[in-house]
Each structure stands twice: as structure tokens, then as C-alpha cells.
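The residues making up each chain are set out below.
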Amino acid sequence: MAELVQQIPKASENLQQALHARAKGKRRVRLFLLLPALMIIGIFGLAPLSIALIYSFLEPGTYGGVEWVFSTDAYVQFLFERDIFDDTLSFNSAYLQIFGRSFGLAIFTMFGTLMLGFPVAYFIAARPPEQRNAWLFAITLPFWTNLLIRTYSMLLIVRDEGFINLALMKLGVISTPMQMLYTDGAVLAGLVYSYLPFMILPIYASLEKFDFSLLEAGHDLYASRMQVFRQIVIPISRPGIVAGCALVLIPALGAYITPELLGGGKKLMIGNLIAMQFGSGRNWPFGSAAALILMGVVLIALLLSLRAGAEKENRHG
Amino acid sequence: MIDVRHVTKRFGEGATAVTALENVSLAVPEGSFFTLLGPSGCGKTTLLRLIAGFELPSEGEIRLDGESIGHLPPHKRPVNTVFQNYALFPHMSVARNIGFGLEMLKRPKAEIAATIEEMLDLVQLGAFAARRVDQLSGGQQQRVALARALAPRPKVLLLDEPLSALDLKLRKGMQSELKRLQNETGITFVFVTHDQSEALAMSDQIAVMSAGAVQQVGTPEDIYTAPQSRFVADFIGDTNIVTGELLGYEGPMARIRFADGPPLTVKTASATLVPGPVHIALRPETITVCDAASEAALLRGTVRDATYFGAGSQMLVCLDDGTEIQAQVDRPSPVGTVVGLSCDTSMLQVLAD
Amino acid sequence: MAEPLRRKPNFLTRATGTRELRRQPLFTGLSWFVLLLLYAPIAILIVFSFNDNRSVVRWTEFSLRWYAAAMDNGDIRHAAGISIQVALTATVVSTMIATMAALATTRGGGFLGRSAAIALINQPLMIPEIVTAIATLAFFSMLRQLTGLTGLGWLILAHTVFCIPFAFMPVRARLADMSETFESAAADLYATPWQAFRHVTLPLLMPGILAGAMLAFVVSLDDVIITLLVAGPGETTLPIYILGQIRRGVTPEVNAVSTVLIVLTVAMVAMTFLLQRNRK
């Protein structure tokens with residue numbers, strides 16, 4: 001080859017230049033196109049997180065903000081209460097309880113949305129194609145409408161003088177209004193209501209291309225209805241279920257509006273606790289620390305769900 | 001004329017690099033209908049994309065009328081392409097699709113309009129100028145794609161398996177249509193296909209490609225009657241490949257014999273083979289059946305199977321060494337009989353490998 | 001011999017059997033119930049925004065009085081103005097940036113760090129909103145002090161960041177669906193890279209860009225948490241105004257404003273949906 005190239009040095013030179021210029025031009029255009037997005041998100045999306053990390057190791061300022069003094073108080077505060085007079089630490093479970101409630105509610109929300117969402121996703125996937133789009137649209141639409149307004153409309157229904165109580169009283173089931181608002185149940189219902197589409201869509205996506213004649217094949221091979229479901233449908237929709245669980249769990253953990261409105265500020269979740277520290281609580285370091293712990297938990301959940309999704313593929317491959 | 005010189009194309013880098021073309025050289029005569037024929041993955045489409053400029057060669061040179069163009073971007077080459085799936089712009093009318101090339105070249109409006117008219121006539125779509133392309137049938141889209149690529153009057157028209165998306169009947173019609181367009185415009189056509197009957201029917205010249213290299217270049221007749229290698233013999237039409245013994249050379253011809261038969265003088269693809277066993281190509285339609293004991297019989301075997309196909313029958317004969325031979329005959333012998341096979345020895349060809 | 005016999009009826013009822021397996025009857029009922037669950041609260045809110053009474057349960061008479069009251073309310077008008085200013089600016093900027101990034105990540109082949117770039121662009125989606133909100137508040141209050149700059153710009157910037165991934169998704173999806181052969185064909189027909197983009201890529205991409213812009217607009221218009229923490233004094237958007245009113249107790253004016261917001265959102269999302277369906 002070397003001799004051949006030398007026979008036509010000029011063409012080869014042109015070619016090398018052209019190859020070089022093409023690659024360089026491509027890189028330049030790519031950089032020009034990507035830079036604004038990467039800069040904006042890098043600076044105004046990622047940098048704030050590092051600021052929050054720094055703040056979590058500082059002391060709170062009297063009127064909000066921070067004092068630039070190193071301190072691990074924000075983290076200690078989670079488990080212990082510092083006595084104002086003698087500076088001793090005593091165990092305090094108040095914040096742990098809030099974290100516990102958040103996890104509990106988020107996990108219940110996940111199961112609730114799965115129980116309701118899976119059948120719906122399956123039902124849509126089994127529709128004829130022309131009906132599927134209409135169903136998908138109907139399911140996604142509430143997701144795009146304002147979460148605040150949806151939660152507010154929920155509040156109108158569950159409060160003492162709301163629709164449910166009124167209906168039950170008319171029917172004579174109860175004589176005085178049942179307290180539903182400001183309970184864990186109301187918050188859970190609100191969370192399920194809010195995040196249900198997040199569960200339905202990924203499961204639907206995994207079932208969309210499902211060949212329903214597989215069911216027939218399974219049935220033909222003497223599998224019962226339940227067996228067909230367990231052995232064929234569930235494994236195929238597994239990636240969707242895993243993704244749906246992650247998509248519900250993550251925002252449910254950090255929920256703010258739902259517990260604020262339906263929990264009435266009494267049944268706090270992490271989200272409210274964090275927001276409070278930046279408002280009336282005026283403890284930015286503690287708020288930052290709580291936010292970082294929440295983010296850590298979410299990242300772990302994401303990694304676990306990625307691994308659960310990957311396992312599935314390995315088994316197939 | 002297009003001159004492809006020592007072109008190599010590699011995709012990827014380092015250990016994962018794949019060589020799509022290895023030191024390919026070709027000359028496409030001006031004004032000819034030239035076909036690149038080969039199975040998928042043989043590099044024919046890559047070669048076409050190199051000529052169009054969508055890829056740059058890793059090494060080598062491509063010349064068009066003596067001018068080196070291998071390094072130019074596609075929009076600076078006087079070469080147009082008809083894509084496999086046509087790639088008509090769905091947001092433009094038929095007329096605007098056809099005029100797009102001239103529009104990009106900033107030709108005067110009147111000239112563009114006149115050319116569009118002329119092209120619509122050429123492909124017989126005069127009534128469809130204002131249609132949207134997605135309102136056209138596959139065959140009509142094909143014609144628009146042709147008109148669009150011909151409108152700027154390129155020096156070369158590249159066609160990337162343009163007929164593969166059409167059904168059989170349309171395809172036959174488009175084959176003669178393409179020939180007509182090529183004759184009328186006089187533009188060099190470089191046509192890529194994996195369909196050997198399409199290639200034989202349309203081309204002035206065929207380059208058979210395999211594994212990133214050109215195996216043989218020639219007229220359809222050359223390629224069919226005098227294949228150089230087992231690959232070409234096998235790929236073009238139905239062929240029997242029989243083992244014979246090379247005895248020596250006689251001028252440009254080879255002397256061979258089959259089993260214990262008489263010596264024969266036949267064409268050869270190579271003059272440098274060592275005497276001993278060689279492969280010989282034998283087309284099924286050149287075979288005649290004779291009595292096994294007859295002196296005309298070059299080969300002997302047992303009839304295994306016969307299939308009637310209308311214009312004749314296909315007979316499967318198993319030679320003594322186990323080789324199976326296909327023969328086209330008018331009336332097949334009964335299965336199980338031992339028959340002799342003979343043919344015009346000028347139709348036999350010793351292969352190079 | 002018993003096995004093939006058992007198989008026979010199954011074979012005969014094959015067609016109906018499949019349909020039955022597809023149609024889990026329990027699921028059908030449940031699906032309609034879920035649909036009811038999703039829409040009932042919103043429907044009640046909308047219906048009672050037209051109620052002549054203050055009540056949200058007892059219907060008296062159809063009336064537009066709460067809409068009129070909301071129109072007359074200076075606070076609501078101000079909040080609507082802020083909302084639209086923020087949403088429009090954030091939409092235009094984020095859609096442009098997202099479209100550029102989508103082009104870079106789908107065209108011209110793969111490159112080192114592409115998945116990292118995509119992950120970075122999607123980063124705002126992967127972090128709980130409350131965390132983004134407080135982190136942005138901390139960062140911006142620092143920048144405000146350092147630069148001395150105040151104004152709506154900070155809020156718009158915060159919105160732009162979380163709008164980018166929403167605008168990015170449909171544009172990228174459309175580009176990924178769009179064969180690069182169109183660009184090749186344009187180049188083959190003497191279009192320079194810029195001409196190919198201008199005459200072929202951009203018009204074909206337009207539905208995706210519009211879809212992205214609408215999603216970005218809706219997401220910005222609806223945002224509560226980030227706005228709540230980042231907005232400066234006097235920068236009350238509609239959702240923040242509504243939240244304040246709800247905290248004080250239910251008012252029918254809020255129902256009217258909420259209905260307007262819902263209708264606006266539904267109209268935009270429906271258009272997006274149609275745009276994306278038309279491409280097929």
C-alpha cells in the first residue's frame with residue numbers, strides 16, 4: 001500500500017486534508033450546538049447542588065442564609081437535639097419520623113399506583129391500535145395539568161364539607177362528616193392520584209409491542225390463565241414495572257404540594273421539612289443537609305432500578 | 001468517465017475497524033450503464049457512497065473526467081443519487097422536489113420551471129406537479145426520485161438498489177424505463193443491485209463484488225458465459241461446478257478431462273494453474289442428455305429427481321463422485337436410470353480457484 | 001392418548017380463546033374507574049367554577065361571576081402577567097437551546113461523551129424538584145448578592161433550566177425518527193450544510209420543535225415549588241397566587257383561574273399530541 005500512496009501523493013494529500021477538515025468541522029459544529037445547553041445546565045443546574053453541599057456544612061444565619069463557619073450541626077441535628085442551656089445532645093426522633101413517614105408514604109404510593117396502573121397499562125396495550133392513542137392521551141392529559149390545581153380539586157372532594165362526606169351523609173351511612181383531610185390516608189390518595197400516569201406509561205411502553213398470540217401459545221401448551229400471566233406477561237413487562245416504580249418513588253419522596261395541602265402542614269414529608277428550613281425555619285444548612293440526604297436516597301433508588309432493569313436484559317441475552 | 005483508483009474504506013478505528021473496501025480499482029466508461037453487483041455487505045453501496053461523497057475514502061483516489069473528486073463534499077460533486085427509499089422531501093410538492101437541486105445552485109427561476117416541466121414529461125408524471133409526494137404510489141415516487149436526480153444534469157447518476165422497494169411487475173416496467181432514460185439522456189448510470197437477473201438485463205457492464213473487492217468486470221455475456229471464479233459462477237445464474245483434471249495448456253485454452261473421459265480443449269480463466277484437479281463451470285441449459293454408453297457422454301450419473309417447470313424440466317443427476325448436477329431438459333429420464341451428460345465444450349470454463 | 005384429546009377443544013376455540021385472554025374483563029372495569037378517578041376531581045372543580053354560589057358542592061345557577069371577579073382582581077392580573085412573561089421567555093430560550101443540543105446528539109454520528117451530555121441535559125428531571133428549588137435558591141441568593149442584580153431574570157433563568165429537558169425530548173425523538181437520508185439527499189442536490197438545514201432539516205423538524213416549545217411552556221406555567229423558593233418579592237406567578245389563596249381558604253375566584261389554566265394546558269397538550277401523531 002505504501003508505494004501506491006506515493007504514486008499519487010497529491011490526491012492523497014488532498015484526501016487527508018479533507019478527512020481532517022471534515023472531522024474538525026463536525027467537532028466545531030457539535031461544540032457550538034451543545035455548548036449553550038451544557039453551560040446553562042452545568043452552571044445553573046449542577047453548581048447549585050454543590051453550593052447546597054457546602055451550605056450543609058455551615059452555620060445558619062439569624063435571618064436566613066448562612067454564616068461561613070464550618071459545622072456538622074446540620075447532620076447531627078437529624079438524630080439529636082442540642083440542649084440550649086448545657087449544650088448536651090439528647091436523642092430526638094422527630095426528624096427520623098418525618099423521613100420514615102415519607103418513605104412509608106412513597107412506598108405505599110408505589111404499590112398503589114402499581115396495583116391500579118398495571119391493569120390499565122395492560123388494558124390499553126390490548127386495545128386495537130386506533131383506540132390506544134385515545135386512551136394514552138386521556139391518561140397523560142391530567143399529568144400535564146397543574147399538580148397544584150389537581151391537588152386542590154382533590155381537597156375539594158375529601159374535606160369535611162366535601163363531596164364524599166356529603167354523599168355519604170345523604171345516603172345515611174354516616175351522620176357527621178368523617179375526617180379525611182389532614183390524614184396520612186388523604187396524602188396517600190393524593191400522591192397516588194398525582195403520580196399514577198408515571199406508572200401506567202412505562203408499563204404500557206413495555207407491553208406495546210407485546211404479541212398477544214403468545215398468550216394463545218401459552219394456553220395451547222396447557223398453561224392456566226394465572227400461569228400465562230405469571231410466566232409470560234409479568235416477565236415481559238418487568239422493565240416497565242421497574243421504570244414505573246422509580247418514576248413514582250422519586251417524586252413521591254420529594255413531594256411538597258400534596259402533603260402541604262392534604263396533610264395540612266401537620267403530616268409533614270421531607271419536602272415540606274426542607275422548604276420550611278428556607279422559609280420560617282431559617283435554617284439553610286439543615287435544609288440543605290436534608291435535601292442532600294433526600295437526593296442520596298433518590299440516587300440509590302435510581303441505581304437499584306437501573307440494576308433491576310439490567311438484570312432482566314442479561315437473562316434474555 | 002469515473003476512475004476509481006486503489007480505494008480502501010475502513011469504518012471505525014483501531015482494533016474494531018471494519019474494512020468495507022480493500023484496494024478497489026474500477027473504470028466506468030462515459031455514457032454507459034454500469035452495474036455494481038454483489039450480495040449484501042460486499043461493499044457495493046459503500047463504493048457508491050464514496051462516489052457520491054457521503055463518505056470519504058480512507059485511501060486512494062476517485063476521478064471524474066480526469067479531475068480528482070474523492071475529497072470533495074457531496075454538494076460540490078456533479079453527481080446525483082437515486083436513493084433506495086427515494087428520500088423525497090415529504091414537505092415539498094413533486095415539482096419542488098424536482099427543482100430542488102437547481103434551486104440550491106441558484107439557477108434563474110425560468111430555467112428551473114422549464115427543467116421541471118421537461119423532467120415531468122421525461123418520467124411521464126406531467127399531471128402530478130402539484131401533488132404532495134406522500135400522495136403518490138411507490139412507482140410514481142420512484143419516477144420523481146429519478147426526475148429529481150436528473151434535473152441538474154449530473155455527469156453521473158448513482159442508483160442505490162432503486163427497484164428493490166417495488167413489486168415484481170412494476171420492477172420489470174422500471175427496468176426498461178431506466179434503460180430508456182439512460183439512452184435518452186446519455187448520462188453515465190452507476191447502478192447498485194444484488195439481483196443478478198436485473199444486472200444482466202440492464203447493464204452495459206457489470207462489476208461483480210464480494211467481500212470488499214471487485215471479482216470480475218465485464219459485459220453481461222462475459223460474466224455469464226466466462227465466469228472467472230467460483231464465486232462469480234455461483235452468484236450469476238444457476239451453475240454446476242464440476243471437478244475435472246487439468247492436463248496442461250494449449251495456447252490460451254486449457255486441456256482437461258473428466259474422470260476417465262477423453263481430453264477436452266476448453267476456455268480457462270487462468271493460465272497459471274498447476275495440472276491436477278480444477279473446478280469447471282457448466283450451465284444447466286447447455287447440458288444435453290445422451291445414452292450412458294455413448295461416446296458423446298462427458299459425464300455419467302444417476303437421475304435422482306426431476307421437476308417440471310413449464311418450459312421444460314429440471315433434472316438432478318448425481319455423478320459417481322457424489323457431485324449433484326442440475327440439467328435443463330425437454331423430457332427428463334426416469335428417476336434411477338444411469339444417463340450420460342454432454343455439452344458443447346466451448347461452453348465449459350475452467351475457473352481460477 | 002389422553003393429551004391430544006384434551007388439546008382438541010382448545011384448538012377449536014382458538015379464536016375466541018385469544019380474545020378472552022386479551023380482554024381481562026376485570027381490567028376493563030378498573031381502567032374506566034381509573035379514568036373516572038383521574039378526571040372527576042378536575043371536572044367538579046371546573047363545573048363549580050360556573051356556580052353562582054360560593055359553595056363547591058351545592059349547585060344553584062350557572063354564572064360567570066367568578067370569572068368576572070377574577071378579571072377585576074388586580075393581583076390576579078399581575079400574577080398572570082408575570083406567569084406569561086416568565087413562561088414565554090423561558091420557552092423561547094429553552095427550546096432554541098434544546099433544539100441545538102438535540103441536533104448535536106442525533107446528527108453526525110456518535111462521539112465520545114454523548115451519553116454523558118444527554119444525561120447532563122436530562123439532569124433536572126432526575127433530581128427531586130424540592131432539591132433543585134432550594135439549591136437554586138441558595139445559589140441565586142449568593143449570585144444576587146455578588147452581582148447586585150435583581151429582577152425577573154433570575155426566575156426566568158431557573159425556569160429555562162428545567163424547561164430544557166422537556167423541550168429536548170420531543171425534538172430529539174423526532175430527529176431520531178427522521179432518516180439522515182433526507183440531509184444526504186439535500187447535500188447530493190448541491191445544498192450546502194446550511195441550506196440543507198434551512199430547507200430540509202428545519203421544516204421537517206418543526207412539529208417536534210413546536211411540541212417541545214408547548215411542553216416547555218406548560219411546564220413553566222405550572223411550576224410551583226421552584227418558583228415559590230426562587231421568586232423575589234412581587235414576582236408572584238399564577239400558581240403561587242393560587243397556592244396563597246388556597247392556604248387562606250377556598251375561594252371561588254381561584255376555581256375560575258384554575259379552570260382557565262387547565263383549559264389552556266389541555267389545549268396546548270392536545271395540539272402537541274396531534275402534531276406528534278401527524279408525523280406518522
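Above: the structure in question.
Fair warning: this is a prediction, and the values are worked out from it, not measured in the lab. (Residues numbered from 1 in each chain as written. Chains lettered and ligands numbered in written order. Predicted model: local features only at pLDDT ≥ 70, side-chain atom pairs only at ≥ 80, totals over all residues.)

This part takes up helix 10 (residues 225-253) of chain A. With 29 residues, helix 10 of chain A ought to run about 42 Å at 1.5 Å a step, yet its terminal C-alpha atoms sit only 36 Å apart, falling short of that. The principal kink in helix 10 of chain A, of about 55°, is found at arginine 238 of chain A, preceding the proline proline 239 of chain A by one to four residues. (Helix = DSSP H or I, 4+ residues; strand = E, 2+ residues; numbered from the N terminus. Expected span 1.5 Å × (residues − 1). Bend = angle between axes of the 7 residues up to and from the residue.)

What follows concerns the packing of helix 6 (residues 147-158) of chain A against helix 3 (residues 25-49) of chain C. Interhelical geometry of helix 6 of chain A versus helix 3 of chain C gives an angle of 85° and a closest axis separation of 8 Å. As far as their axial angle goes, helix 3 of chain C and helix 6 of chain A are roughly perpendicular. Residues Arg150, Ser153, Met154, Leu156 and Ile157 of chain A of helix 6 of chain A form the contact with helix 3 of chain C, whose own contacting residues are Pro41, Ile42, Ile44 and Leu45 of chain C. (Axes fitted to C-alpha atoms, helices over the stretch in contact; angles between N-to-C directions. Parallel < 35°, antiparallel > 145°, perpendicular 65-115°, else oblique. Contact = placed C-beta atoms within 7 Å.)

It is worth spelling out the nonpolar core at this point. Counting residues in each nonpolar core, the largest one holds 157 residues, and the members touching the most others are Ala291 of chain A together with Ile134 of chain C. In terms of residues, this core owes the most to one element, helix 8 (residues 184-208) of chain A, which gives 16 residues. With residues up to four places along the chain from it excluded, the contact list for isoleucine 134 of chain C reads Ala52, Ile274, Phe278, Gly287, Ser288 and Ala291 of chain A together with Leu229 of chain C. Core analysis: the next-biggest nonpolar cluster, separate from the first, contains 101 residues, Ala87, Phe191, Leu246 and Ile280 of chain B among them. (Core = buried A, V, L, I, M, F, W, Y, C linked by C-beta atoms within 7 Å. Buried ≥ 20, exposed ≤ 12 C-beta atoms within 10 Å, placed from the backbone.)

We now examine the sheet that holds strand 16 (residues 299-308) of chain B. Residues and elements named next belong to chain B. With antiparallel pairing, 5 strands are arranged side by side in an open sheet as 15-19-16-17-18. For this open sheet the edge positions go to strand 15 (287-290) and strand 18 (324-329), each flanked by a neighbour on one side alone. Looking at each pair of strands side by side, their axes are set apart by 45° on average, direction ignored. Judged from the 6 bridges that link them, strand 17 (residues 313-319) and strand 18 form a sheet pairing that is antiparallel. Of the residues in strand 18, the one forming a bridge with cysteine 318 is glutamate 324. (Pairing = 2+ DSSP bridges.)

This paragraph deals with the interface of chain B and chain C. Contacts between the two partners involve 17 residues from chain B, matched on the other side by 14 residues from chain C. Sorting the residues of the side of chain B that touches chain C by element identifies strand 6 (79-82) and helix 2 (94-104) of chain B as the ones contributing at least two each. The element contributing the most residues to the side of chain B that touches chain C is helix 2 of chain B, with 3 residues. Classifying every residue of the side of chain B that touches chain C gives 11 nonpolar, 6 polar and no charged. (Nonpolar A, V, L, I, M, F, W, Y, C, P; charged D, E, K, R; others polar.)

Keep in mind that these numbers describe shape and distance, not what the molecule does.
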